[in-house]
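One-letter residues, chain by chain:
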Number of protein chains: 2
Amino acid sequence: MNNEQVDQVLIALRRIIRAIDLHSKKLVQQYGVTGPQALVLKRIIDYKEVPAGILARDVNLSQATVTSILDRLERHDYVQRIPSQDDKRKVLVRATPAAVKIFENAPPLLQEEFISAYKKLENWEQNLILSTLQRIASMMDAKEIEASPFLTIRDATE
Amino acid sequence: MNNEQVDQVLIALRRIIRAIDLHSKKLVQQYGVTGPQALVLKRIIDYKEVPAGILARDVNLSQATVTSILDRLERHDYVQRIPSQDDKRKVLVRATPAAVKIFENAPPLLQEEFISAYKKLENWEQNLILSTLQRIASMMDAKEIEASPFLTIRDATE
DNA sequence: AAATATTGCTTCGTATACGAATAATATTTT
DNA sequence: AAAATATTATTCGTATACGAAGCAATATTT
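Note that the structure is predicted; figures quoted are calculated from it, not measured.

## Points about the protein's contact with DNA strand C
- Taken together, the neighbourhood of DNA strand C is formed by 29 residues, with Arg18(A), Gly53(A), Thr34(B), Gln37(B) and Ser62(B) sitting nearest.
- Within 4 Å of the protein, the contacting atoms of DNA strand C are 78% sugar and phosphate, with bases supplying the remainder.
- Contacts to DNA strand C include Arg18(A), whose side-chain N or O atom sits 2.7 Å from a phosphate oxygen.
- Thr65(B) is positioned such that a nitrogen or oxygen atom in its side chain is 2.7 Å from a phosphate oxygen of DNA strand C.
- Every element with two or more residues in the surface near DNA strand C is listed here: helix 1 (3–31), helix 3 (52–59) and helix 4 (63–75) of chain A together with helix 2 (35–47) and helix 4 (63–75) of chain B.
- For the surface near DNA strand C, a count of residues per class yields nine nonpolar, seven polar and 13 charged.

## Some details on helix 6 (residues 112–120) of chain B
- Taken together, the buried positions of helix 6 of chain B are Phe114(B), Ile115(B) and Tyr118(B). Take helix 6 of chain B and look down its axis: the buried residues cluster within an arc of 95 degrees, on one side only.

## A short note on the pairing of strand 3 (residues 91–95) of chain A
Residues and elements named next belong to chain A.
- The sheet contact formed by strand 1 (residues 49–51) and strand 3 spans three bridges and is antiparallel. By the bridge assignment, Glu49 is partnered in strand 3 with Arg94.
- Both strand 2 (residues 79–83) and strand 3 contribute to a ladder of five bridges, which runs antiparallel. Among the inter-strand pairings, Ile82 is bridged to a residue of strand 3, identified as Leu92.

## Some words on the protein's contact with DNA strand D
- Close to DNA strand D lie 28 residues, the nearest being Thr34(A), Gln37(A), Thr65(A), Arg18(B) and Gly53(B).
- Protein-proximal atoms of DNA strand D, defined as those within 4 Å of the protein, fall in sugar or phosphate at a share of 79%.
- Here Thr65(A) contributes a side-chain N or O atom positioned 2.7 Å from a phosphate oxygen of DNA strand D.
- Taken together, the elements giving at least two residues each to the surface near DNA strand D come down to helix 2 (35–47) and helix 4 of chain A together with helix 1 (3–31), helix 3 (52–59) and helix 4 of chain B.
- Looking at the surface near DNA strand D element by element, the count peaks at five residues for helix 1 of chain B.
- Considered class by class, the residues forming the surface near DNA strand D number nine nonpolar, seven polar and twelve charged.

## Here we look at the interface of chain B and chain A
- The interface of chain B with chain A comprises 57 residues on the first partner and 57 residues on the second.
- Here chain B meets chain A over a buried area of about 6200 Å², counting both sides, of which 67% is carbon and sulfur.
- Taken together, the connections running from chain B to chain A amount to six salt bridges.
- When the shortest N-O distance is used, the salt bridge between Asp7(B) and Lys42(A) registers 3.1 Å.
- Broken down by secondary-structure element, the contributors of at least two residues to the side of chain B that touches chain A are helix 1, helix 2, helix 3, helix 6 and helix 7 (123–147) of chain B.
- Of the residues in the side of chain B that touches chain A, the class split is 30 nonpolar, 13 polar and 14 charged.

Reading guide: rules and limits
- Residues numbered from 1 in each chain as written.
- Chains lettered and ligands numbered in written order.
- Predicted model: local features only at pLDDT ≥ 70, side-chain atom pairs only at ≥ 80, totals over all residues.
- Heavy atoms only, no water.
- Near = heavy atom within 4 Å.
- Polar contact = N/O pair within 3.5 Å; in protein donor to acceptor, adjacent residues only side chain to side chain.
- Helix = DSSP H or I, 4+ residues; strand = E, 2+ residues; numbered from the N terminus.
- Nonpolar A, V, L, I, M, F, W, Y, C, P; charged D, E, K, R; others polar.
- Buried < 20%, exposed > 50% of the residue type's maximum accessible area, 1.4 Å probe, protein only.
- Arc of directions from axis to C-beta.
- Pairing = 2+ DSSP bridges.
- Contact = heavy atoms within 4.5 Å.
- Buried area = accessible area lost by both parts, 1.4 Å probe.
- Salt bridge = Lys/Arg side-chain N within 4 Å of Asp/Glu carboxyl O.

Have a look at this one:
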């Protein structure tokens, strides 16, 4: 019964996820990078030079995912991987001039329609949207933090 | 300037997307189906028998995606594909008893922590969350409707 | 110093997720 | 009725996205 509403929440989220994905496909046509690539690349440019792991933390993606995004960025000559000197496990990532150029045109990380609509909202409305999203996010990933340490302790052997 | 807030919106959305994805991986271990599979499967069970295209509309996924989800559901013997008699382009999908069984244990389509927290909220708060999400969704996919050729007419038709 | 653990990144396997192209069937137009 | 158009599902190619396992380098313990 109340489940119906939860289902609706999920459907709304799926709509949002899909919209973001479709935007990503448009980005790649207009700017040559997908949404996740743009997100990562923007971060790299801000840092000038940054280890891959820090990137993953920052953009909330797993290392494995970031590695594959970097692969493609490297293939397109948007980034360089430089083995770190002080810690040879680390790989430092740097953006190329070509990548910087892309961001001169400020590719919109979300659909422009959304951005302009959002900016037109009253301040309290913007805050409401953002805080609602953050609240949902913490309702969803709170568990992770609490649950994961405990679940792994007992298998000391592994 | 105001872009900062938009970026924060994106980060919050990414957190949510990731949480949903991680939940999906937990679902498959506990119930044998992933999140999207469960979503689709639930719909199929409700319908008893339904063409693949209707499913795609309902759950907000492309046909191509639904096809691949159905492939896996079929491989695990959770659904059957039955060629439609009256329209041979259509493929009707039906859930098997094994699939029905899974839903007897009511696999949570979102993380249980979220669901229980959500249900504890006051009614007006639940409505606020849902309507905020729906609003974001329509701010994001509104463009689609304008941009795509034939969806503009649809108001009265379907 | 040697053994062990941890860290940082990559590789592998699996599952979304999409558009474009394709194939088969229906519907509409001529 | 034949031709043109539209609809339905699949196939193909690409890009996320993750955990687990692997590997090499570093840190910690013994």
